[in-house]
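Tertiary structure, described
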There are 2 protein chains.
Amino acid sequence: MDVKTVCLGMLSDGEASGYDLKKQFESTFAHFFAAGYGSIYPALSSLHADGLVDCREEAQDGRPDRKVYRITDDGLAHLRGALSETNLTHRVRSEFLAAMCFAHLMSAEQIAAILDHRVTELSRYLAMFDEFDECNGEWTDGMRFVCGFGRAITEASKRYIEANRDTLTAAPDLKRTAAQ
Amino acid sequence: MDVKTVCLGMLSDGEASGYDLKKQFESTFAHFFAAGYGSIYPALSSLHADGLVDCREEAQDGRPDRKVYRITDDGLAHLRGALSETNLTHRVRSEFLAAMCFAHLMSAEQIAAILDHRVTELSRYLAMFDEFDECNGEWTDGMRFVCGFGRAITEASKRYIEANRDTLTAAPDLKRTAAQ
DNA sequence: CGCAACATGTAAGCGGTTACATGATTAC
DNA sequence: GTAATCATGTAACCGCTTACATGTTGCG
């Protein structure tokens with residue numbers, strides 16, 4: 001499933017412009033499916049060329065024109081087909097964990113800085129999830145499930161790092177003490 | 001940080017062939033940094049061309065020859081440089097979560113199949129982490145931290161799915177009952 | 001006899017990122 | 001004035017995936 005399919009999925013929930021979709025990629029989808037304008041606009045063009053979405057140009061006063069896309073019947077059928085796949089991937093690519101594998105080559109200060117940076121990012125995500133909850137009422141069960149999932153693993157990540165950071169940052173003699 | 005750097009990091013722990021590294025990518029690194037032969041062999045060639053690793057060709061009887069790579073002093077310096085970066089990414093790309101966002105377009109059976117598939121994958125990871133623990137003694141603190149992290153979020157994922165699957169697969173009238 | 005494990009590579013292609021390009025309006 | 005928000009796009013590039021290509025030994 002690529003950016004094209006996800007855009008189509010977002011449009012199944014109501015019409016939107018590329019700019020609107022980008023905001024969704026940055027907020028509710030940020031923790032598991034990021035995409036930039038360089039992916040979104042070509043995806044929408046391609047969906048339009050395939051007849052999977054309609055496009056209406058909308059003039060606005062005091063603002064640039066916008067292209068509002070709406071899913072077609074063909075598009076909905078196509079989306080259902082893509083969703084019928086059961087072998088869906090869930091991939092993680094983490095420079096953070098890769099670096100931690102080689103912690104023995106770093107100073108305690110370096111490790112601490114990396115860990116702090118990661119915890120900060122996780123906290124930003126948690127703040128985002130809290131914001132989502134405030135306007136939770138309008139959401140589908142699916143979106144609630146996905147955001148709950150995000151919160152669950154984000155909290156687990158943060159807890160794990162905070163509980164185990166001393167195994168990497170403590171001086172060797174302190175580590176022996178902690179092990180006793 | 002790309003496959004090249006991770007290969008260099010693995011070699012900082014002892015000499016190995018491309019084939020050996022692949023096994024490590026498939027086991028201990030699988031849950032956060034996958035790589036295939038098509039990435040590994042070119043990475044090793046490139047590291048060799050840059051003088052960051054040495055290469056020794058080893059003839060074996062009853063088996064194909066192998067190229068054993070060893071990190072050089074330049075390589076170690078380069079690796080430390082790469083590791084000094086504090087802005088390390090941790091990216092998730094999940095078709096699974098994307099599909100769950102559009103659960104309202106699927107049947108309960110379809111959703112159940114996808115959820116079951118994911119739980120199976122998570123269980124396979126957990127079995128892998130259990131295997132790792134058996135020969136845990138030889139590991140660095142870094143590797144223990146990373147595998148512990150993997151287990152923590154894998155368990156959290158599994159628990160979350162099992163606790164919340166009925167919000168997506170229950171019939172509408174049952175959902176109302178559950179909400180009360 | 002066939003399959004798994006051992007072992008190394010190349011090449012095409014794809015999907016996504018990054019940087020570039022443009023321009024109006026509003027708020028500080 | 002200057003930054004942020006709104007708004008749409010292109011093009012080069014990069015890194016990874018996939019498929020292809022080849023060959024041996026050992027085990028059941």
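All names here are of chain A. With 7 bridges connecting them, strand 1 (residues 53–60) and strand 2 (residues 63–71) associate as antiparallel partners. In the sheet register, Asp54 faces strand 2, and the bridge partner there is Arg70. Hairpin geometry of strand 1 and strand 2 is characterised by an intervening segment of 2 residues between the two adjacent antiparallel strands and by a positive phi of about 80 degrees at Gly62.

By nearness alone, 21 residues border DNA strand D, and Gln60(A), Lys67(A), Ser39(B), Gly62(B) and Pro64(B) come closest of all. When atoms of DNA strand D within 4 Å of the protein are sorted by moiety, sugar and phosphate together comprise 72%. Between DNA strand D and Tyr19(A), the relevant distance is 3.0 Å, taken from a phosphate oxygen to a side-chain nitrogen or oxygen of the residue. Arg93(A) is positioned with one of its side-chain polar atoms (N or O) 3.4 Å from a phosphate oxygen of DNA strand D. Secondary structure elements with two or more residues in the surface near DNA strand D: helix 2 (18–26), helix 3 (37–49) and strand 2 of chain A together with helix 3 (37–49) of chain B. Looking at the surface near DNA strand D, the element that brings in the most residues is strand 2 of chain A, giving 6 residues. A class-by-class count of the residues in the surface near DNA strand D yields 7 nonpolar, 8 polar and 6 charged.

Attention now goes to the nonpolar core. The biggest cluster of nonpolar side chains holds 111 residues, and the ones touching the most others in it are Met100(A) and Met100(B). Sequence-distant contacts of Met100(B), that is, excluding residues within four places in its chain, are made with Gly142(A), Phe145(A), Val146(A), Met106(B), Ile111(B), Ile114(B), Leu115(B) and Leu168(B).

This paragraph deals with the domain arrangement of chain A. Residues and elements named next belong to chain A. For chain A, the domain assignment lists domain 1 (3–83) and domain 2 (95–171). Taken over C-alpha atoms, the centre of domain 1 sits 29 Å from the centre of domain 2. Between domain 1 and domain 2, the contact holds 8 residues from the first and 9 residues from the second. For the pair domain 1 and domain 2, the summed buried surface comes to about 590 Å²; carbon and sulfur atoms form 80% of the total. In terms of surface lost to domain 2, no three residues of domain 1 exceed Ser27, Thr28 and His31, which account for 69% of the buried area on that side. If you look at where domain 1 meets domain 2, you find 0 salt bridges. Across the domain 1-domain 2 interface, the total number found is 0 residue pairs in polar contact (both at pLDDT 80 or more). Here the side of domain 1 that touches domain 2 is built from residues that sort into 3 nonpolar, 3 polar and 2 charged.

Turning next to the protein's contact with DNA strand C. In the region of DNA strand C, 20 residues are neighbours, and Ser39(A), Gly62(A), Tyr41(B), Gln60(B) and Lys67(B) sit closest. Every element with two or more residues in the surface near DNA strand C is listed here: helix 3 of chain A together with helix 2 (18–26), helix 3 and strand 2 (63–71) of chain B. If you tally residues by element for the surface near DNA strand C, the top one is strand 2 of chain B, at 6 residues. Class assignment for the residues of the surface near DNA strand C results in 7 nonpolar, 7 polar and 6 charged.

Cut-off values and rules
Residues numbered from 1 in each chain as written. Chains lettered and ligands numbered in written order. Predicted model: local features only at pLDDT ≥ 70, side-chain atom pairs only at ≥ 80, totals over all residues. Heavy atoms only, no water. Pairing = 2+ DSSP bridges. Helix = DSSP H or I, 4+ residues; strand = E, 2+ residues; numbered from the N terminus. Near = heavy atom within 4 Å. Polar contact = N/O pair within 3.5 Å; in protein donor to acceptor, adjacent residues only side chain to side chain. Nonpolar A, V, L, I, M, F, W, Y, C, P; charged D, E, K, R; others polar. Core = buried A, V, L, I, M, F, W, Y, C linked by side-chain atoms within 4.5 Å. Buried < 20%, exposed > 50% of the residue type's maximum accessible area, 1.4 Å probe, protein only. Contact = heavy atoms within 4.5 Å. Domains from an automatic or database assignment. Buried area = accessible area lost by both parts, 1.4 Å probe. Salt bridge = Lys/Arg side-chain N within 4 Å of Asp/Glu carboxyl O.

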